[in-house]
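Topology and contacts: notes
Spelled out from the first residue to the last, the chains are:
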Amino acid sequence: MNIRLQQQNPTIGDLDKNFSLIEKAIVSAESAGVDLLLFPELATCGYPPLDLLRHQSFLDEVYAMNRAIADLVSETTVIMGTVTPNAEATGRACFNGALVLEQGAVKDEIHKTLLPTYDVYDELRYFQPNDRFQCVTVGGRKIGVTICEDIWYNYSDPQYLIYDVNPARKLVESGAEIIVNLSASPYTRNKPEGRLKMLRRHTKDLQVPVLYVNQVGGNTDLVSDGDSLALDGQGKVVGRAPMFQESFLDVQWQDTQLSNKAKPSASVPPVSEQQFRCLKLGLQDYLSKTGVTDRVILGLSGGIDSALVACIAKEALGTDKVLGITMPSQFSTTGSISDSEVLAENLGIEMRQLAIEDIYEAFTHTLGPLFEGTNFGVPEENLQPRIRGTLLMAYSNKFGHMLLNTGNKSELATGYCTLYGDMAGGLAVIADLYKTEVYAISRWLNEDYYGREVIPDTILEKSPSAELRPDQKDSDSLPAYGVLDGILKAYLEQQYDAKEIIAQGFDKETVIRILSLVDNMAYKRAQAPPAIKLSSKTFGPGRRWPIVQRWTQNRR
């Protein structure tokens, strides 16, 4: 049996476009003599459709699309992830399901069993869970079809839920000779390694081959990475599709053996490259799928964060679609301007300069009577990013460029960002990258991607500073970023408490101060633009921390 794993990039709610993608894949598979064509989870409507599923008119259009796709099928059997109706009088209106299509008809229907309600997921809000396990028959062979979370069972790390049923095992017990999984799984830093480990565990436990087909592409903050996989019954990788691009993987299944006679398997790139490609695709798809604009603007500060965002934007959109604006104040160093100029020249993007010293003086003069008798402090410092944010948004409104936010996760976690200032933007490109990761990707870009010094070494080597007062350094009020990021990762991603983090060797007072900052800055993050997900715990829908709460004050 010739099987194709179709790794596609759907757009949520764009049913016409998604239909065209599916139609093209079916035509190609039938002309290539494919016996079984596998599509990802919710290939018809895109993932996650969220409250679109609350509208019966939307569901009806998806159901009509299901029937239209069935009409396309002739020689090739298709298994396609989609929404299907729940005909029962009780429960939720629909299933996260899959259809088996043969010769113009729906031959069978499968429903997702494990509906995640952790991190960014809330599927039990919309879908009715499956409670029946039956194989489907294709070409006389019994196939067990699972959908995304069904294959993870209790194998995920970190562990969010403990399930009492293993769908894949249930299907093997029902006679499945192979397990198929249709996914729309978003990328995180450790996902490729964890995914392969999980699939190998299934093959070891169940002694059957596993085929895993994953969606690719960005939808708002989530970017699915593809990385579709075929493993034989001993856990050997027979085929692997590339990450972050539309593709397909062809394998042959004969007797109990799985083989790949086509192109060699794709390799998994290093983490810095994975993250860069994820952010690049996320930005591309955010603009193209929303249709807001194809041009962006960002503030170039001469620092590492804006330098990395400028590189991502240039590679995602092209040199003529990116504008950088540098906005020096009386506190800016000469290097901040010159470093931005060199960066812009190296990237080939346009750069303009708007001095804000006079605007800043006008603001402080106007506020003078109200601030009389007080010392220079955070309010005066924050005037600068707010002025810059106003100027950038004015240009954005006037000429249709979307403003890219350039803040990183370390700053966002601790509140070292200014509401209505440097937190402005339509998309927070690197808001799920710790500062240490920003440096790692920037060095990778110079050394491996560009093969030359595009981000100036002066930017990579200078001490990080917001330059909001004379001789300011981030280290004046924050621990070194290597220490800070270690604490943040332990707290946010490993979900350790203060005692556990201190036991790792971190200073007690530093840990308590940083954790209190993280928890007390929830009100700021609630007003931040969407951030492209890169980690197992991203600020936004994945971390629902109450703004009004007092528990952190008792942390000691």
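To be clear, the structure that these remarks concern was listed above.
Right, let's walk through the structure included here. No experiment lies behind these values; they were computed from the predicted model shown.

1. Topic: a negative patch on the surface
On the surface, a cluster of negative charge is contributed by Asp14, Asp16, Asp60 and Glu61. Position of Glu61 among the secondary structure elements: in helix H2 (residues 56-72).

2. Regarding the sheet that holds strand E2 (residues 36-38)
Ordered by their spatial adjacency, 7 strands build an open sheet running E5-E4-E3-E2-E1-E14-E15, and the pairing between neighbours is mixed. In this open sheet, the two edge strands, each paired with only one partner strand, are strand E5 (105-111) and strand E15 (257-259). Going across the sheet, the axis of each strand differs from the next one's by a mean of 30 degrees, ignoring polarity. As defined by bridge partners, strand E1 (residues 2-7) adjoins strand E14 (residues 247-254) across 6 bridges and the pair is classed as antiparallel. Paired with Gln6 across the bridge in E14 is Phe248. Each of strand E3 (77-85), strand E4 (94-102) and E5 touches H2; the most contacted strand, E3, lies at about 160 degrees to it.

3. Here's the deal with helix H1 (residues 15-31)
Because each turn of an α-helix spans 3.6 residues, side chains separated by three or four positions end up pointing in the same direction. In a regular helix each residue adds 1.5 Å, so 17 residues correspond to 24 Å; H1 covers 24 Å between its end C-alpha atoms and thus fits that length. Of all the positions in H1, only Leu15, Asn18, Leu21, Ile22, Ala25, Ile26 and Ala29 are classed as buried. All buried residues of H1 lie within an arc of 130 degrees about the axis, which places them on one face of the element. Opposite the buried face of H1, at more than 90 degrees from it, the exposed residues are Asp16, Lys24, Val27 and Ser31. Just downstream of H1 lies Gly33, where phi reads positive at about 75 degrees.

4. Digging into the packing of aromatic side chains
Within the structure shown, the criterion is met by 10 aromatic pairs. Each ring, one from Tyr449 and one from Tyr450, has its centre 5.0 Å from the other, and the planes form 85 degrees; the classification is edge-to-face. Of the residues examined, Tyr450 reaches a relative accessible area of 17% and is grouped as buried. Taken together, the ring pairs in this structure connect Phe276, Trp444, Tyr449 and Tyr450 into an aromatic cluster.

5. Looking at the environment of Asp476
With respect to the helices and strands, Asp476 occurs in the loop between helix H13 (457-461) and helix H14 (481-492). For the pair Asp476 and Tyr395, spaced 81 residues apart in the sequence, the C-alpha separation amounts to 33 Å.

6. A look at the sheet that holds strand E7 (residues 141-147)
Strand order in this open sheet of 6 strands is E6-E7-E8-E9-E12-E13, and the pairing throughout is mixed. Where the open sheet ends on each side, the last strands, each with one partner, are strand E6 (136-138) and strand E13 (237-240). Each strand axis lies, on average, 20 degrees off the axis of its neighbour in the sheet, ignoring direction. In terms of strand pairing, E6 meets E7 through 3 bridges, oriented antiparallel.

7. Quick look at the nonpolar core
With 56 residues, the main nonpolar core has Phe39, Met80, Val83 and Ile179 as its most contacted residues. The element best represented in this core is H2, accounting for 7 residues. Contacts of Met80, omitting those with residues within four sequence positions, involve Ile22, Phe39, Ala43, Thr44, Asn66, Ile69, Gly97, Ala98, Leu99, Leu101 and Leu182. Counting residues in hydrophobic clusters, the runner-up holds 47 residues, among them Val223, Cys278, Ala310 and Ile430.

8. Considering the environment of Leu231
The topology assignment puts Leu231 in strand E12 (residues 229-231). Judged by its relative accessible area of 0%, Leu231 falls in the buried class. Through-space distance from the C-alpha of Leu231 to that of Leu199 is 7.7 Å; in sequence the pair is 32 residues apart. In this structure Leu231 touches Leu196, Leu199, Arg200, Thr203, Pro209, Val210, Lys236, Val237, Val238 and Leu258, once residues within four positions along its chain are discounted.

Reading the values: rules and limits
- Residues numbered from 1 in each chain as written.
- Predicted model: local features only at pLDDT ≥ 70, side-chain atom pairs only at ≥ 80, totals over all residues.
- Heavy atoms only, no water.
- Patch = residues over 30% accessible without salt bridge, like charges linked within 9 Å, V, L, I, M, F, W, Y side chains within 5 Å.
- Areas by Shrake-Rupley, 256 points an atom, 1.4 Å probe, with all protein chains shown as cover.
- Salt bridge = Lys/Arg side-chain N within 4 Å of Asp/Glu carboxyl O.
- Lys, Arg positive; Asp, Glu negative; His and termini not counted.
- Charge placed at Lys NZ, Arg CZ, Asp CG, Glu CD.
- Helix = DSSP H or I, 4+ residues; strand = E, 2+ residues; numbered from the N terminus.
- Pairing = 2+ DSSP bridges.
- Axes fitted to C-alpha atoms, helices over the stretch in contact; angles between N-to-C directions.
- Contact = heavy atoms within 4.5 Å.
- Expected span 1.5 Å × (residues − 1).
- Buried < 20%, exposed > 50% of the residue type's maximum accessible area, 1.4 Å probe, protein only.
- Arc of directions from axis to C-beta.
- Phe/Tyr/Trp six-rings, centres within 6.5 Å; stacked < 30°, edge-to-face > 60°.
- Core = buried A, V, L, I, M, F, W, Y, C linked by side-chain atoms within 4.5 Å.

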